[in-house]
Amino acid sequence: MKNILVATDADWVFDEVDNALADEDTEVYRVRNGRDVLPACHKVSPKLVVLDLQIGNAGGVAVSLQLRQEQDMGRLGPLGILMLLDRQADVFLAQMARADGWLVKPLDAIRLMKAARAIASGGTYQEGMLDERGEPVGGDAVY
């Protein structure tokens, strides 16, 4: 999958993502502050950026919007954005932030791998959506 950048100040979140996604072909990098995401993207050219909803001094929503703005201006190449949400009610934040996909915590390796693969291949992964009856609809990958 190549490079993945994880933006979180929570050690357990990084450990979960690193353990699930790092392999011989994939390097996982970490930043602990939202302001460090864009410079890190220019440095490591990630295929996927994993943004925790709460990142130190800047939330994942603001960082996602900043990355999309940089892409729109032609100053940043293509990359997928996966947001890690605290609760199902935060799905609308990920949608507004133009994320390619999102997972609702707690995390697990299988869901992380499915989401990362879908987004890295140009698709989406949406979790925590509700159907017409208000029932949760789980992890839909679209390739």
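Rules used throughout
Residues numbered from 1 in each chain as written. Predicted model: local features only at pLDDT ≥ 70, side-chain atom pairs only at ≥ 80, totals over all residues. Heavy atoms only, no water. Core = buried A, V, L, I, M, F, W, Y, C linked by side-chain atoms within 4.5 Å. Buried < 20%, exposed > 50% of the residue type's maximum accessible area, 1.4 Å probe, protein only. Helix = DSSP H or I, 4+ residues; strand = E, 2+ residues; numbered from the N terminus. Arc of directions from axis to C-beta. Contact = heavy atoms within 4.5 Å. pLDDT = per-residue confidence, 0-100. Axes fitted to C-alpha atoms, helices over the stretch in contact; angles between N-to-C directions. Parallel < 35°, antiparallel > 145°, perpendicular 65-115°, else oblique. Left-handed = near helix turned anticlockwise from the far one by under 90°. Nonpolar A, V, L, I, M, F, W, Y, C, P; charged D, E, K, R; others polar.

**Looking at the nonpolar core**
Within the largest apolar cluster, 24 residues are counted, with the highest numbers of intra-cluster contacts made by Val37, Cys41, Val49, Leu51, Leu67, Met83 and Leu85. Among the elements of the structure, strand 1 (2-7), helix 2 (37-44), strand 3 (48-52), helix 3 (60-72), strand 4 (80-85), helix 4 (91-96) and strand 5 (101-104) are those that each provide at least two residues to this core. The element that contributes the greatest number of residues to this core is helix 2, accounting for 4 residues. Formed by 21 residues, the second largest nonpolar core is a distinct cluster that contains Ala10, Ala20, Leu82 and Ile119.

**Here we look at helix 2**
Looking only at helix 2, the buried set comprises Val37, Leu38, Ala40, Cys41 and Val44. Along the axis of helix 2, the buried residues cluster in a sector spanning 160°; they form a single face. Where the residues of helix 2 are buried, they touch strand 1, strand 2 (26-31), strand 3 and helix 3. Backbone geometry just downstream of helix 2 places Ser45 in the positive-phi region, at approximately 45°.

**Observations concerning the confidence of the model for the protein**
The predicted model of the protein averages 90 in pLDDT, with 88% of residues at 70 or higher. Looking at the elements of the protein, mean pLDDT is at its lowest for strand 9 (residues 140-142), recorded as 51, and at its highest for strand 3, recorded as 98.

**Considerations on the packing of helix 1 (residues 11-21) against helix 5 (residues 109-120)**
For the pair helix 1 and helix 5, interaxial distance at closest approach is 9 Å and the crossing angle is 70°. As far as their axial angle goes, helix 5 and helix 1 are roughly perpendicular. Of the two elements, helix 1 crosses helix 5, and the hand of that crossing is right-handed. Of the residues in helix 5, those in contact with Glu16, Val17, Ala20 and Leu21 of helix 1 are Ala109, Leu112, Met113 and Ala116. Here the residues of the contact of helix 1 with helix 5 sort into 7 nonpolar, no polar and 1 charged.

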